[in-house]
Amino acid sequence: MNAVSASPLLWDPATLAARLDDSDVLVLDVRRGERYANGHIPGALNFSVYGVNTYDTDPAPLASFTKMWAFQLALAGICRDDIIVVYGEFTDEAAARAFWFLEYLGHEQVAVLDGGVRAWAAAGQPLVHEAEPPSPGPYPYEAVKSVCATWSDVVAAIDDPATVILDTRSDQEWYGEDARGAARGGAVPGAVHLEWVRNLDNKGCMLDEAALRELYASVGITTQTPVIAYCNTGYRSAHAYLALRLLGHSDVRNYVASWQEWGNRLECPVEVLGNA
């Protein structure tokens, strides 16, 4: 049994096509606007996940960031009881970021279209250019703090042997060769490295369940392992969050500000490994 059939969190094109006319299903296209305009799934709303980021996870800035994200959902006319299916170009980091954020805001029914719009088109499903304007409305929320990590949570995890700190960035970032504009390059001390693209097969779909379990076990992560994932700005680490949720992990947090906070916050320790 693969991850698609094992979890309601990941839909294939046939599942979405069968429910596309359901009034309680809302499809979100999280690609950039020009890609949406060039063809999208019928009825899908365009919702950019790139407009609001945070590089400070102290309580006040994080609360402001969370409120701004919820406001964007309200402007898009998203309701709390919608069954939301998110898609990107493939099962990409943008779709994963939207999935994580909706769960962080306590949205109860959210899934990702596996393979994204590429898989949809490859399955012979239609793409359209017409779009209706959204109908804004309130989006009440209560942040689920247990799925979001702050810089202080990561500092505490460094000395916690039970928690795995998971670096999902590229090799160049992991070895400190690319700081992506931060003041310092390197890694969180004690972290393990598993680049996010390894969650995917050659078609841009999630690996099957057995392959995902083996992949994460290779860095010491089992279903019972508490995990904090990070990258540069919380997108690629959200992909690890999605993968682990598919495997039934209940204690996984996304460090939403990631290296853009950690590398610039001088009280946060940095380990420079060097590429031998």
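None of these values were measured; they are calculated from a predicted model.

Caption draft 1: Quick peek at helix H5 (residues 93-104). Helix length check: H5, at 12 residues, gives a terminal C-alpha distance of 16 Å against a target of 16 Å (1.5 Å per residue), a fit within 8%. Of all 12 residues in H5, 11 are buried, a share of seventy percent or more. Turning to H5, its buried residues number three or more, namely Ala 94, Ala 95, Ala 96, Arg 97, Ala 98, Phe 99, Trp 100, Phe 101, Leu 102, Glu 103 and Tyr 104. Among the structural elements, helix H4 (59-75), strand S4 (83-87), strand S5 (110-113), strand S6 (148-149), helix H10 (236-246) and strand S10 (252-255) are those in contact with the buried residues of H5. The N-cap residue of H5 is Asp 92: its side-chain oxygen and the backbone nitrogen of Ala 94 are 3.3 Å apart. Immediately downstream of H5, the backbone of Gly 106 shows phi near 85°, a positive value.

Caption draft 2: Quick peek at the packing of aromatic side chains. Under the counting rule described, the total for this entry stands at 10 aromatic pairs. Consider the rings of Phe 65 and Phe 101, whose centres lie 5.2 Å apart with planes at 70°: the pair is edge-to-face. Linking Phe 65 in helix H4 with Phe 101 in helix H5, this pair joins segments that are 36 residues apart in sequence. Pair check on accessibility: Phe 65 and Phe 101 agree, each one buried. Considering the side-chain rings of Trp 100 and Phe 101, the 5.1 Å spacing of their centres and the 75° angle between planes classify their relative orientation as edge-to-face. Through successive ring pairs, a cluster of aromatic residues spans Phe 47, Phe 65, Trp 69, Trp 100, Phe 101 and Tyr 104.

Caption draft 3: Structural context of H10. The buried fraction of H10 amounts to 10 of the 11 residues, a majority that puts the element mostly inside the structure. Within H10, burial applies to Arg 236, Ser 237, Ala 238, His 239, Ala 240, Tyr 241, Leu 242, Ala 243, Leu 244 and Leu 246. Gly 248, located one to two residues past H10, shows a positive phi value of around 90°.

Caption draft 4: Looking closely at the pairing of strand S7 (residues 164-167). Residues Val 164 and Leu 166 of S7 are buried on one face, and the alternating residues Ile 165 and Asp 167, pointing to the opposite face, are buried as well. Here 4 bridges tie S7 to strand S9 (residues 227-230), and the two strands are oriented parallel to one another. By the bridge assignment for S9, Ile 165 is matched with Ile 228. Alignment of S7 against strand S8 (residues 192-193), held across 2 bridges, turns out to be parallel. Its bridge partner lying in S8, Leu 166 is registered against Val 192.

Caption draft 5: Region of interest: the layout of surface pockets. The volume enclosed by the largest pocket comes to roughly 240 Å³. Among the elements that make up the lining of the largest pocket, the one with the highest residue count is H4 (4 residues).

Caption draft 6: A look at unusual backbone geometry. One non-glycine residue, Arg 180, lies in the positive phi region at around 50°. With respect to the helices, strands and loops of the structure, Arg 180 is situated in the loop between helix H8 (171-174) and S8. Positive phi is not limited to glycine here, since Ser 258 has a value of about 45°. Considering the arrangement of structural elements, one finds Ser 258 in helix H11 (residues 258-262). Classification of Ser 258 by relative accessible area gives buried; the value is 0%.

Caption draft 7: Main features of the sheet that holds S4. The parallel open sheet is built from 5 strands, whose spatial order is S1-S5-S4-S2-S3. Of all strands in the sheet, those with a lone pairing partner are strand S1 (10-11) and strand S3 (45-46), marking the two edges. Sheet analysis places S1 next to S5, joined by 2 bridges and oriented parallel. Residue Trp 11 lies in a different strand from S5, and its bridge partner there is Leu 113.

The rules behind these values
- Residues numbered from 1 in each chain as written.
- Predicted model: local features only at pLDDT ≥ 70, side-chain atom pairs only at ≥ 80, totals over all residues.
- Heavy atoms only, no water.
- Helix = DSSP H or I, 4+ residues; strand = E, 2+ residues; numbered from the N terminus.
- Expected span 1.5 Å × (residues − 1).
- Buried < 20%, exposed > 50% of the residue type's maximum accessible area, 1.4 Å probe, protein only.
- Contact = heavy atoms within 4.5 Å.
- Polar contact = N/O pair within 3.5 Å; in protein donor to acceptor, adjacent residues only side chain to side chain.
- Phe/Tyr/Trp six-rings, centres within 6.5 Å; stacked < 30°, edge-to-face > 60°.
- Pairing = 2+ DSSP bridges.
- 1 Å grid on protein atoms, 1.4 Å probe; cavity = no way out; pocket = protein on both sides within 12 Å on 5 of 7 lines; lining within 4 Å.
- Points joined across faces, edges and corners; volume = space filled by probe spheres on them.

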